[in-house]
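# Analysis of the macromolecular model
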Amino acid sequence: MKRILLTIMVIVAGLSAITPDLYAQTPSSRKQKLLDDWHKDMAEFRARSEHDRQMAALADSVASVQARAALKNQDFVLEANTVTFKTGATVYVNSTTNFISVKGNRAVVQISPSNFASGPNGVGGVTVDGMITDKKGRVTYSMNVMGIGINAQVEIYMYPGSNRASATIYPNFNSNTVWIDGDIVPYDNSNVFEGTSL
């Protein structure tokens, strides 16, 4: 019996020595530690994100300078990502078959919104090849493309600080105005596929 009482007293003494360490962290101090760790992680994330945002802004700025130089030198391609029709319907398109290209005084306007049906150009749409007759402005670029089958007035609007641009294509023979949005890249850096011209 003495052994049992002695064993119980040793266990109680041992637990009383350990107990202050177990309860040293109260629930509120544990929450505070978790909150402090979360704040530290978020600060590190913001620092990494800020660096990524600065790199993206630098890349946009370089692309903007290249696009403006390409516009000025009449040596560019506007590769479209979307096409908006007169009715307001917008479709996402392949930028290799939907574009406006200018090389010197030669211009090509190609709209191919269908990946399934073959159009007059062989790639699902219409291609107009012609000569530029009028241009003006730096960030707004206007030109008339005169081809054998159709003439169109094209106005390109470049967004500030980026190579993003939108263009409005006004055909001279009908009222089927088309809007395209995309990126302006130097002609030599483009990967467009030109269909057969009208």
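So, a few notes on the structure that sits alongside this text. (Residues numbered from 1 in each chain as written. Predicted model: local features only at pLDDT ≥ 70, side-chain atom pairs only at ≥ 80, totals over all residues. Heavy atoms only, no water.)

Before going further, it helps to examine the overall build of the protein chain. Looking only at helices and strands, the protein chain features two helices and nine strands. Helices (α) and strands (β) of the protein chain occur, in sequence order from the N terminus, as α-α-β-β-β-β-β-β-β-β-β. Taking all 198 residues of the protein chain together, 32% fall into the buried category. Sequence-distant contacts, at least 24 apart, represent 46% of the contacts inside the protein chain between residues at least 6 apart. Summed over its atoms, the accessible surface of the protein chain is roughly 12500 Å², and 60% of this surface lies on carbon and sulfur atoms. (Helix = DSSP H or I, 4+ residues; strand = E, 2+ residues; numbered from the N terminus. Buried < 20%, exposed > 50% of the residue type's maximum accessible area, 1.4 Å probe, protein only. Contact = heavy atoms within 4.5 Å. Areas by Shrake-Rupley, 256 points an atom, 1.4 Å probe, with all protein chains shown as cover.)

Another aspect to go through is unusual backbone geometry. Not every positive phi belongs to a glycine, and Q74 is a case in point at roughly 50 degrees. Tracing the sequence through the fold places Q74 in the loop between α2 (27-72) and β1 (75-84).

Turning next to the pairing of strand β9 (residues 178-186). Two faces, one strand: in a regular strand the side chains alternate between the faces of the sheet. Here eight bridges tie β1 to β9, and the two strands are oriented antiparallel to one another. Considered in β9, the bridge of T82 is made with D181. Relative to β9, strand β8 (residues 164-171) is paired through six bridges, and the arrangement is antiparallel. What sits directly across from I169, in β9, is V178. Linking β8 to β9, which pair antiparallel, is a turn of six residues. (Pairing = 2+ DSSP bridges.)

Examined against the element boundaries, S175 turns out to sit in the loop between β8 and β9. When the C-alpha positions of S175 and K86 are compared, they lie 8.2 Å apart, and in sequence the two are 89 residues distant.

Let's shift gears to the environment of A69. Among the secondary structure elements, A69 is positioned in helix α2. A sequence separation of 117 residues divides A69 from P186, and the C-alpha atoms of the two residues are 8.4 Å apart.

On to the nonpolar core, then. If you look at the biggest cluster of nonpolar residues, it comprises 27 residues, and the most contacted ones within it are I100, M143, I156, I180 and I184. Only α2, β1, β3 (99-103), β4 (106-111), β6 (140-146), β7 (151-158), β8 and β9 provide two or more residues apiece to this core. In contact with I180, other than residues within four places in its own chain, are L78, A80, T82, V83, I100, I111, A165, S166 and A167. (Core = buried A, V, L, I, M, F, W, Y, C linked by side-chain atoms within 4.5 Å.)

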